Amino acid sequence: MLDILVNLFPYAMAFTMPILVTALGGLCSERSGIVNIGLEGLMVVGSFSAAVFISRFYPILGGNALWFGLLVAMAAGAVFSLLHAFACINLRANHVISGIAINMIAAAMTVFFARTMTGSGNILLRNGLARFSVPVLAEIPLAGPLLFRQSYGTTWLILVVLVLVWFVLYYTRFGMRLWAAGEHPHALDAAGVSVYRIQYSGVLLSGMFAGLGGATILVTYSGEFNGSVSGMGFLALAALIFGKWKPLGVLGSTLFFGFAMTIANASQAEPALQAIPEIILKVFPYVVTLLALILFSRTTQAPRALGEPFDKGKR
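Residues numbered from 1 in each chain as written. Predicted model: local features only at pLDDT ≥ 70, side-chain atom pairs only at ≥ 80, totals over all residues. Heavy atoms only, no water.

## Regarding the nonpolar core
When a protein is soluble and globular, its nonpolar side chains tend to lie buried together. Leu24, Ile54, Leu218, Val219, Phe225, Met232 and Phe257 are the most contacted members of the largest nonpolar core, which totals 77 residues. What phenylalanine 257 contacts, discounting residues up to four positions off in sequence, is Ile19, Leu235, Ala238, Ala239, Phe242, Val288, Thr289 and Ala292. The next biggest cluster of nonpolar side chains, apart from the first, holds five residues, and it includes Ile34, Ala85, Cys88 and Val203. (Core = buried A, V, L, I, M, F, W, Y, C linked by side-chain atoms within 4.5 Å. Buried < 20%, exposed > 50% of the residue type's maximum accessible area, 1.4 Å probe, protein only. Contact = heavy atoms within 4.5 Å.)

See below:
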């Protein structure tokens, strides 16, 4: 059993990190009171933007283009998320409908542009990020093989993002205001703080992190843009609910879903799982997601003002 865990853990971390950073983006948005089910579309935009940049600039920048591509994906995700912010905050549109529109527009737009550029709708990268082992730490018994061998640089980048989000939410003025915008926006407004500005900030952060999540899939295990992120954005949304809108809870739930995805996609590389019918393994992550939401949704407490348009004139 331990051997199976050691063999699958690097794959699990690769699947977990895009879900984790995207869920953290959803956390920032929904803590400010804006429901964001458009995470899937924002991931697609990030993946597309990174693919275009990397494919064009890899001959010039070499391996550095991969890291600059992540920055481009974050910027593209943030800009695209402004559509959702404007619709929900300024136009007071239904948050769920706006999120669905974001997903549909992102998928159609990126595939159209990809077909215009390549003729096939796919953008293939020459090279992705290479795995590496951390010297010395990789030799630590048990923890070394699990955490410090065969990891991607994006894994450590996203873990840094997790720590920063946790610190900002619990120990900074902006974090407290973000919480207040989703719990008691009128109290925040009475204190002289612009609720709209805080909500825009939360949605922009969700776009940045979701864009990074989509690009992370591209430069690690995918290697090409094909117009889809295989439902990772919806898994991130489920992980956000499962994690009770808290950073460490989100970490635990994304690890859970990451392992479920690993069992589905890396089963053929593990002899112990080859006896299980492939169709069962393929649907396993989505069945687990539904069961988790059914079992835990009643005990989760969403931000009180989540999804409610803020009216400055009402108290």
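Now that the structure has been shown, the text picks up again.
## A word on the state of the cysteines
Joining two cysteines, a disulfide is a covalent bond between their sulfur atoms. Taken as a whole and assessed by the stated rule, the structure comprises zero disulfides. Note on cysteine 28: no disulfide assigned, nearest cysteine sulfur contributed by cysteine 88 at a separation of 16 Å. A residue is classified by how much of its surface remains accessible, and cysteine 28, at 4% relative accessible area, is buried. Judged by relative accessible area, cysteine 88 falls into the buried class, the value being 3%. (Disulfide = S-S within 2.5 Å.)

## With respect to helix α2 (residues 39-61)
Of all bends in α2, the biggest is about 40°, found at serine 55, and the proline proline 59 comes one to four residues later. In terms of residue burial, α2 counts as a mostly covered element, since 17 of its 23 residues are buried. (Bend = angle between axes of the 7 residues up to and from the residue. Helix = DSSP H or I, 4+ residues; strand = E, 2+ residues; numbered from the N terminus.)

## Focus: the packing of α2 against helix α9 (residues 195-222)
Where α2 contacts α9, the axes come no closer than 7 Å and their chain directions differ by 55°. The angle between α2 and α9 places the two elements in the oblique class. Between α2 and α9 the crossing geometry is right-handed. For the pair α2 and α9, contact is made by Leu39, Leu42, Met43, Gly46, Ser47, Ala50, Ala51 and Ile54 and by Ser206, Gly207, Ala210, Gly211, Gly213, Gly214, Ala215, Ile217, Leu218 and Val219, respectively. In the contact of α2 with α9, the residues fall into 11 nonpolar, seven polar and no charged. (Axes fitted to C-alpha atoms, helices over the stretch in contact; angles between N-to-C directions. Parallel < 35°, antiparallel > 145°, perpendicular 65-115°, else oblique. Left-handed = near helix turned anticlockwise from the far one by under 90°. Nonpolar A, V, L, I, M, F, W, Y, C, P; charged D, E, K, R; others polar.)

## Topic: the environment of glycine 77
By the secondary structure assignment, glycine 77 is in helix α3 (residues 64-90). Its relative accessible area of 0% is what places glycine 77 among the buried residues. Note: C-alpha distance between glycine 77 and methionine 43 (34 residues apart in sequence) is 7.3 Å. Here glycine 77 is in contact with Leu42, Val45, Gly207 and Met208, once residues within four sequence places are set aside.

## So, a nonpolar patch on the surface
On the surface, a nonpolar cluster with roughly 860 Å² of combined accessible area is contributed by Ile276, Ile279, Ile280, Val283, Val287, Leu290, Leu291, Ile294 and Leu295. Position of valine 287 among the secondary structure elements: in helix α12 (residues 278-296). (Patch = residues over 30% accessible without salt bridge, like charges linked within 9 Å, V, L, I, M, F, W, Y side chains within 5 Å. Areas by Shrake-Rupley, 256 points an atom, 1.4 Å probe, with all protein chains shown as cover. Salt bridge = Lys/Arg side-chain N within 4 Å of Asp/Glu carboxyl O.)

## Structural notes on helix α4 (residues 95-118)
For α4, spanning 24 residues, the distance from its first C-alpha to its last is 34 Å, which sits close to the expected 34 Å at 1.5 Å a residue. Of all the residues in α4, the buried ones are His95, Ser98, Gly99, Ile102, Asn103, Ala106, Thr110 and Ala114. Elements in contact with the buried residues of α4: α2, α3, β1 (123-124), β2 (224-225) and α10 (232-242). At the N-terminal boundary of α4, the capping side chain belongs to asparagine 94, with an oxygen 2.9 Å from the backbone nitrogen of valine 96. Downstream of α4 by one or two residues, glycine 119 has phi in the positive range, about 85°. (Expected span 1.5 Å × (residues − 1). Polar contact = N/O pair within 3.5 Å; in protein donor to acceptor, adjacent residues only side chain to side chain.)

## Quick word on the packing of aromatic side chains
Applying the stated criterion across every chain, the model contains 14 aromatic pairs. Ring geometry for phenylalanine 53 and phenylalanine 57: centres 4.6 Å apart, planes at 25°, overall stacked. Separated by four residues within a single helix, phenylalanine 53 and phenylalanine 57 lie in helix α2, roughly one turn from each other. On the basis of relative accessibility, which here comes to 17%, the residue phenylalanine 53 falls in the buried class. Three or more aromatic residues joined by ring pairs form one cluster here, namely Trp166, Phe167, Tyr170, Tyr171 and Trp179. Against the face of tyrosine 11 rests arginine 131, its NZ or CZ located 5.7 Å from the ring centre. (Phe/Tyr/Trp six-rings, centres within 6.5 Å; stacked < 30°, edge-to-face > 60°. Lys NZ or Arg CZ within 6 Å of the ring centre and 35° of its normal.)

## Observations concerning the pattern of salt bridges
Counted by the stated rule, this structure contains two salt bridges. The partner of glutamate 183 in a salt bridge is arginine 304, with the nearest N and O atoms 3.8 Å apart. You can see glutamate 183 sitting in helix α7 (residues 173-183) and its partner arginine 304 sitting in the segment after α12, a full 121 residues away along the chain. When its relative accessible area of 21% is taken as the criterion, glutamate 183 is described as partly exposed. Given a relative accessible area of 57%, arginine 304 falls into the exposed group. Overlapping salt bridges, with partners in common, bring together Arg31, Glu183 and Arg304 in one network.

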